[in-house]
Amino acid sequence: MSGNGMRLFLLIRSWRVRAALLWLAHTPVAAVTPLAGIGLRVVLGWGNPAWAPPAAGWATAALVVATLAGFRLHHEMDAPGVPCRWCEFELEEDRS
């Protein structure tokens, strides 16, 4: 990441938002959950309200953007070596 770019890590002050973005970065399949829910209702033969498919589309778009932000945040945290709670890493004690 270049030194001139805006740092997402510094922009987001809430640790909860950071944690949610990092979780999305580690589970990107969660971004399509709203569309999968609509598809499941169709497969099961249940009706969908008229507002559900557009709402699922917008929710999916928002989750995709949040997932991309999570990827960027993860990349920014990896550069200086800040640990991520969802990354698997070996401790020095585990190697012995």
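Preceding block: the structure.
This write-up is about the structure you can find in this document. (Residues numbered from 1 in each chain as written. Predicted model: local features only at pLDDT ≥ 70, side-chain atom pairs only at ≥ 80, totals over all residues. Heavy atoms only, no water.)

Now for the overall build of the protein chain. When helices and strands are counted, the protein chain shows four helices and zero strands. Order of helices (α) and strands (β) in the protein chain, N terminus to C terminus: α-α-α-α. With 96 residues in all, the protein chain has 23% of them scored as buried. Contacts spanning at least 24 positions in sequence make up 70% of the contacts within the protein chain whose residues lie at least 6 apart. Entry remark: accessible area of the protein chain is about 7100 Å², with carbon and sulfur atoms responsible for 67%. (Helix = DSSP H or I, 4+ residues; strand = E, 2+ residues; numbered from the N terminus. Buried < 20%, exposed > 50% of the residue type's maximum accessible area, 1.4 Å probe, protein only. Contact = heavy atoms within 4.5 Å. Areas by Shrake-Rupley, 256 points an atom, 1.4 Å probe, with all protein chains shown as cover.)

The subject of this paragraph is the pattern of salt bridges. In this structure the tally under the stated criterion is one salt bridge. Its salt-bridge partner being Arg72, residue Glu76 comes within 3.2 Å of it at the nearest N-O pair. Of the two residues, Glu76 and Arg72 are both situated in helix H4 (residues 52-78); the distance of four residues between them amounts to about one turn of the helix. For Arg72, a relative accessible area of 34% gives the class partly exposed. (Salt bridge = Lys/Arg side-chain N within 4 Å of Asp/Glu carboxyl O.)

Bringing the side chain of Thr60 into the picture now. Position of Thr60 relative to the elements: it lies in helix H4. On the basis of relative accessibility, which here comes to 8%, the residue Thr60 falls in the buried class. Aside from chain neighbours lying at most four places away, what touches Thr60 is Ala31, Val32, Pro34 and Leu35.

Attention now moves to the packing of helix H3 (residues 33-43) against H4. Put simply, H3 and H4 touch, their axes get as near as 7 Å, and they point 155 degrees apart. Between H3 and H4, the crossing angle belongs to the class labelled roughly antiparallel. Touching Pro34, Leu35 and Ile38 of H3 are Ala52, Pro53, Ala56, Gly57, Ala59, Thr60 and Leu63, all from H4. (Axes fitted to C-alpha atoms, helices over the stretch in contact; angles between N-to-C directions. Parallel < 35°, antiparallel > 145°, perpendicular 65-115°, else oblique.)

With respect to the helices, strands and loops of the structure, Leu8 is situated in helix H1 (residues 8-11). Owing to a relative accessible area of 19%, Leu8 belongs among the buried residues under this scheme. Distance from Leu8 to Arg72, taken between C-alpha atoms, is 7.6 Å for residues 64 residues apart in sequence. Those residues in contact with Leu8 that sit more than four places away from it in its chain are Ala69, Arg72, Leu73 and Glu76.

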